[in-house]
Amino acid sequence: MRKSMFIPAAMLAMAASSFALAHEGPGPGSDGPGGWHGRPHHGAPFVRELHHLNLSDSQKADIRKLVKASFVQMKPQMQAARQQREAFAALAPDSPAYSAAAQALAQTEANAASARVLQLTTLKQQIYQKLTTAQKQQLASMQAANQSLRQARMAKWQAEHPQGDEHHHDD
């Protein structure tokens, strides 16, 4: 049940991080402009990287509008999925409707996940169109550097946790 809550939370995190682009000045505990209620960002890497692009006020306003429109468009579907999860959680496992409700919830969650991926892809494309050529190049460089860091961390982790480790169990 917790996994199904992560995806809507991730969508909200991206929306919140994107909305924060228009935040004026650094907030307490923030490492720069755009802190959501004064907190550093923990949203999608693309959104965090936007904060390093020296966006104009106009770009920030445009991006805020795009994110808000995207969130408004997805809100009814997110609410419907949440209501279905709550209804399913209220059923007892020995209820005659339990299996059918589980199947319906699985389909709803799959459809919602697909819609979120497509919606976030569209949002990213729309935001990308608002960037200048120089900002796009800077973003690509940051993303490549971040990918290298992720790969280095993964290689280090894999070296520290070999597959033959006695703590690794494949059942």
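Residues numbered from 1 in each chain as written. Predicted model: local features only at pLDDT ≥ 70, side-chain atom pairs only at ≥ 80, totals over all residues. Heavy atoms only, no water.

Asker: Help me understand the overall build of the protein chain in this model?
Answerer: Of the regular secondary structure elements, the protein chain holds five helices and zero strands. Secondary structure elements in the protein chain, listed N-terminal to C-terminal, are α-α-α-α-α. The 171 residues of the protein chain split such that 29% are buried. Total accessible area computed for the protein chain in this model is approximately 11,200 Å², and 57% of it derives from carbon and sulfur atoms. (Helix = DSSP H or I, 4+ residues; strand = E, 2+ residues; numbered from the N terminus. Buried < 20%, exposed > 50% of the residue type's maximum accessible area, 1.4 Å probe, protein only. Areas by Shrake-Rupley, 256 points an atom, 1.4 Å probe, with all protein chains shown as cover.)

Asker: So what exactly am I meant to see when it comes to the pattern of salt bridges here?
Answerer: Any two side chains of opposite charge can pair, on the condition that their charged atoms come close. Considering all chains together, one arrives at three salt bridges under this definition. One salt bridge connects Glu 86 with Arg 82, and the closest N-O pair in it is separated by 3.5 Å. Here the residue Glu 86 and the residue Arg 82 both occupy positions in helix 3 (residues 57-90), the gap between them amounting to four residues, near one helical turn. Accessibility expressed as a relative area gives 48% for Glu 86, which makes it partly exposed. (Salt bridge = Lys/Arg side-chain N within 4 Å of Asp/Glu carboxyl O.)

Asker: Quick question: what am I supposed to make of the nonpolar core here?
Answerer: Judged by nonpolar contacts, Phe 46, Leu 50, Leu 53, Leu 55, Ile 63, Leu 66, Val 67, Leu 123, Ile 127, Leu 131, Leu 139 and Met 142 together constitute the single largest core of 12 residues. Counting residues per element, the ones that place at least two in this core are helix 2 (45-50), helix 3, helix 4 (98-129) and helix 5 (133-160). When residues of this core are assigned to their parent elements, the largest contribution, three residues, is made by helix 3. (Core = buried A, V, L, I, M, F, W, Y, C linked by side-chain atoms within 4.5 Å.)

Asker: Just to check I follow, could you spell out the packing of helix 3 against helix 4 for this structure?
Answerer: Between two packed helices, what matters for the description is the angle formed by their axes and the separation of those axes. Relative to each other, helix 3 and helix 4 sit at 175 degrees, their axes nearing to 9 Å. It follows that helix 3 is roughly antiparallel to helix 4 by the angle criterion. Its residues assigned to classes, the contact of helix 3 with helix 4 comprises 15 nonpolar, eight polar and three charged. (Axes fitted to C-alpha atoms, helices over the stretch in contact; angles between N-to-C directions. Parallel < 35°, antiparallel > 145°, perpendicular 65-115°, else oblique. Nonpolar A, V, L, I, M, F, W, Y, C, P; charged D, E, K, R; others polar.)

Asker: Hey, could you run me through unusual backbone geometry in this one?
Answerer: Of all residues except glycine, most have a negative phi; of all peptide bonds, most are trans. Phi at Asn 54 takes a positive value of approximately 55 degrees, unusual for a residue other than glycine. Locating Asn 54 in the fold gives a position in the loop between helix 2 and helix 3. Asn 54 gets classed as exposed once you look at its relative accessible area, which sits at 71%.

Asker: When you look at the packing of aromatic side chains in this model, what are you seeing that I'm missing?
Answerer: The geometry of an aromatic ring pair is captured by two quantities: the separation of the ring centres and the angle between the planes. Inspection of every chain in the model, using the stated rule, returns one aromatic pair. Ring geometry for Phe 88 against Tyr 98: centres 4.8 Å apart, planes inclined by 25 degrees, an arrangement best described as stacked. On the criterion of sequence distance, the pair formed by Phe 88 in helix 3 and Tyr 98 in helix 4 is long-range, its members being 10 residues apart. For Tyr 98, a relative accessible area of 24% corresponds to the partly exposed category. (Phe/Tyr/Trp six-rings, centres within 6.5 Å; stacked < 30°, edge-to-face > 60°.)

Asker: Looking at this model, I keep getting lost on the confidence of the model for the protein chain. Mind explaining?
Answerer: Low pLDDT marks stretches whose predicted atomic positions should not be read closely. Here the protein chain shows a mean pLDDT of 76. Residues at 70 or above account for 69%. This stretch, residues 1-13, has a pLDDT under 50; its non-local contacts, to residues over four places away or in other chains, come to 19 contacts. This stretch, residues 15-43, has a pLDDT under 50; its non-local contacts, to residues over four places away or in other chains, come to 51 contacts. (pLDDT = per-residue confidence, 0-100. Contact = heavy atoms within 4.5 Å.)

Asker: Can you help me understand the environment of Met 142 in this one?
Answerer: Along the polypeptide, Met 142 turns up in helix 5. Overall, Met 142 belongs to the buried group, its relative accessible area being 18%. Between the C-alpha atoms of Met 142 and Glu 49, which are 93 residues apart in sequence, the distance is 7.1 Å. Contacts of Met 142, omitting those with residues within four sequence positions, involve Glu 49, His 52 and Leu 53.

Asker: Can you help me understand helix 3 in this one?
Answerer: Note that an α-helix has 3.6 residues per turn; residues three or four places apart therefore point the same way. The first and last C-alpha atoms of helix 3 sit 47 Å apart over 34 residues, in line with the 50 Å expected at 1.5 Å per residue. Along helix 3, the helix axis deviates most sharply at Lys 75, where the bend reaches about 40 degrees; the proline Pro 76 sits within four residues downstream. Of the positions making up helix 3, those classed as buried are Gln 59, Lys 60, Ile 63, Leu 66, Val 67, Ser 70, Met 74, Met 78, Ala 81, Arg 85 and Phe 88. (Expected span 1.5 Å × (residues − 1). Bend = angle between axes of the 7 residues up to and from the residue.)

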